[in-house]
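Examining the three-dimensional arrangement
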Amino acid sequence: MSIKEIAEKAGVSVATVSRVLNNPNYKCSSSEVRDQIWKAAIALNYTPNTAARNLKMGIQNTEKKVYYIGVLMTRMEKATTDPFFNELLRVIESEIHKQIAILTKVWYMPLFSNDKKCRRENLDQIIDGMYEETDQKCDGLIIIGKCNKGALKKLNQKYKSVVSVNRNSTNYEVDEVLCDGQKVAMMAVEYLISLGHHHIIGIFKADDTQGQQRHKGYVQALQEAGIAYDPDKVVWFYTEDRKTHPYEQMCHMAKMRCEHFFDSVVSYNDQIALEVIRALEDEGLKVPDDVSVTGYDDSYLASSGKVPLTTVAHPQEKLGEMAAELLLGLLKEGNIPESERQILVKPELVIRESCRSRKKEE
């Protein structure tokens with residue numbers, strides 16, 4: 001199948017198809033256009049012309065096995081937006097294409113991240129159904145997001161190779177590319193302390209292992225700086241509980257700021273950081289003049305708000321490239337040393353305008 005056929009099926013130009021397939025950072029006119037292109041590519045079982053590409057690169061032997069790869073998104077429904085995981089998916093789609101492999105299917109199934117639902121559901125039947133959807137053409141699977149331990153075992157038995165891209169370790173259930181949640185929180189808190197902040201609110205997701213890890217990093221960074229831990233400066237929220245939503249809690253804390261002073265906030269992610277900024281401004285506080293705010297992910301939201309957000313990034317390109325390379329390496333070579341089968345990607349601090357120094361005020 002050719003790029004021209006994908007363009008005709010998606011109703012876009014050949015140039016647009018080429019840019020989307022080869023460049024995860026290419027900005028389409030809309031996310032719907034990008035999705036249409038990848039749906040068409042998957043439906044047509046598109047893979048790059050290996051012979052033409054090799055000829056261009058001067059490679060003589062063009063007989064290579066083409067691998068079929070599926071992607072399982074466990075953090076979001078199809079209609080739901082999670083900027084970090086959406087951007088990560090874009091990178092992985094493009095990397096699979098660059099590696100001369102076929103992306104057979106992208107599943108959006110948050111069931112797999114819910115331990116209670118996984119205990120109730122017939123996982124064998126669900127996983128068999130997924131495999132049948134690809135006409136049994138799926139050599140490997142990349143899982144993006146948290147996955148139930150029992151489901152991981154069953155998926156690992158079904159596919160030749162499975163690689164997880166997540167913020168938490170699977171404890172070697174499958175091969176994985178990881179982010180270090182504890183280090184992320186420490187990096188954000190240490191940066192705020194370096195600016196002279198000593199009254200730091202931490203916002204963490206209660207029903208998420210990553211939230212627990214970030215809380216540990218928050219506590220450790222405070223302790224290492226000699227700042228007493230104050231549980232009243234910790235905000236816990238639950239995924240589906242509006243009463244604990246960070247916006248509502250931050251509005252309340254802003255009203256009580258005279259009694260329980262704070263000068264900065266470490267947010268669970270960029271989305272929450274923007275909600276924090278909105279709550280503070282609704283209560284008459286300015287960011288960063290009155291309160292400094294940090295995020296996490298460095299999604300497109302971080303630079304698109306009214307106040308460009310200081311955040312801690314796990315570069316999606318690096319995560320996606322490593323996941324695809326690890327999976328295809330396992331498929332091609334069979335055995336990879338255990339030391340190379342769990343890859344930890346280092347976070348990076350991205351400094352923008354949502355934080356300012358308090359040192360001159362002391």
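Check the entry above for the structure.
My aim in this report is to walk through the structure given alongside it, one point at a time.

Conventions used here
Residues numbered from 1 in each chain as written. Predicted model: local features only at pLDDT ≥ 70, side-chain atom pairs only at ≥ 80, totals over all residues. Heavy atoms only, no water. Pairing = 2+ DSSP bridges. Helix = DSSP H or I, 4+ residues; strand = E, 2+ residues; numbered from the N terminus. Axes fitted to C-alpha atoms, helices over the stretch in contact; angles between N-to-C directions. Right-handed = clockwise from strand over helix to strand, strands pointing away. 1 Å grid on protein atoms, 1.4 Å probe; cavity = no way out; pocket = protein on both sides within 12 Å on 5 of 7 lines; lining within 4 Å. Points joined across faces, edges and corners; volume = space filled by probe spheres on them. Contact = heavy atoms within 4.5 Å. Buried < 20%, exposed > 50% of the residue type's maximum accessible area, 1.4 Å probe, protein only. Expected span 1.5 Å × (residues − 1). Patch = residues over 30% accessible without salt bridge, like charges linked within 9 Å, V, L, I, M, F, W, Y side chains within 5 Å. Areas by Shrake-Rupley, 256 points an atom, 1.4 Å probe, with all protein chains shown as cover. Salt bridge = Lys/Arg side-chain N within 4 Å of Asp/Glu carboxyl O. Lys, Arg positive; Asp, Glu negative; His and termini not counted. Charge placed at Lys NZ, Arg CZ, Asp CG, Glu CD.

Remarks on the sheet that holds strand E3 (residues 140-144)
Taken together, six strands build an open sheet; the order of strands is E2-E1-E3-E4-E5-E11 and the sheet is parallel. With partners counted over all chains shown, the strands left at the sheet margins are strand E2 (102-108) and strand E11 (342-345), one partner each. Across the sheet, the mean angle from the axis of one strand to that of its neighbour is 15°, orientation sign disregarded. Sheet analysis places strand E1 (residues 68-73) next to E2, joined by six bridges and oriented parallel.

Structural notes on the pairing of strand E7 (residues 234-237)
Pairing between strand E6 (residues 200-205) and E7: four bridges, direction parallel. The residue bridging Phe204 from the neighbouring strand is Trp236, located in E7. Once the chain exits E6 it traverses helix H10 (residues 209-224) before rejoining the sheet at E7, and the crossover so formed is right-handed.

Considerations on the layout of surface pockets
In this structure, the largest pocket spans a volume of roughly 1100 Å³. Looking at the largest pocket, it is lined by 34 residues, and the ones nearest its centre are Arg75, Lys205, Asp207, Thr239 and Glu240. For the lining of the largest pocket, the elements supplying multiple residues, two or more each, are helix H6 (115-120) and helix H12 (270-282).

As for the sheet that holds strand E8 (residues 264-266)
Pairing in this open sheet of six strands is mixed, and the strands run E7-E6-E8-E9-E10-E12 from one edge to the other. In this open sheet, the two strands that pair with only one neighbour each are E7 and strand E12 (348-350). Across the sheet, the axes of successive neighbouring strands diverge by a mean angle of 20°, strand direction being ignored. Judged from the four bridges that link them, strand E9 (residues 292-297) and strand E10 (residues 310-313) form a sheet pairing that is parallel. Counted as the bridge partner of Gly295 is Thr311 from E10. Most of the contacts of helix H9 (residues 181-194) go to E8, to which it runs at about 165°, and overall it touches E6, E8, E9, E10 and E12.

Details of unusual backbone geometry
Across the junction of Val287 and Pro288, the peptide omega takes the value 5°, indicating a cis bond. Looking at the element boundaries, Pro288 is found in the loop between H12 and E9. Unusually for a residue other than glycine, Gln136 sits at a positive phi of about 60°. Here Gln136 shows up in the loop between helix H7 (123-133) and E3. The class for Gln136 is partly exposed, based on a relative accessible area of 46%. Look at Asp298: it is not a glycine, yet its phi comes out positive at around 55°. Looking at the secondary structure, you find Asp298 in the loop between E9 and helix H13 (301-304).

Description of the environment of Glu8
Its place among the elements puts Glu8 in helix H1 (residues 3-10). We classify Glu8 as exposed; its relative accessible area is 56%.

As for helix H5 (residues 83-98)
For an α-helix, the turn length of 3.6 residues means that residues three or four places apart are oriented alike. The first and last C-alpha atoms of H5 sit 23 Å apart over 16 residues, in line with the 22 Å expected at 1.5 Å per residue. Across the 16 residues of H5, 14 count as buried, placing the element largely inside the fold. Two residues or fewer after H5 comes Ile100, characterised by a positive phi angle close to 60°.

Digging into a positive patch on the surface
Side chains of Lys116, Lys117, Arg119 and Arg120 sit close together on the surface and give a patch of like positive charge. Within the secondary structure, Arg119 is located in helix H6.

On their own, these measurements won't tell you what the molecule is for.
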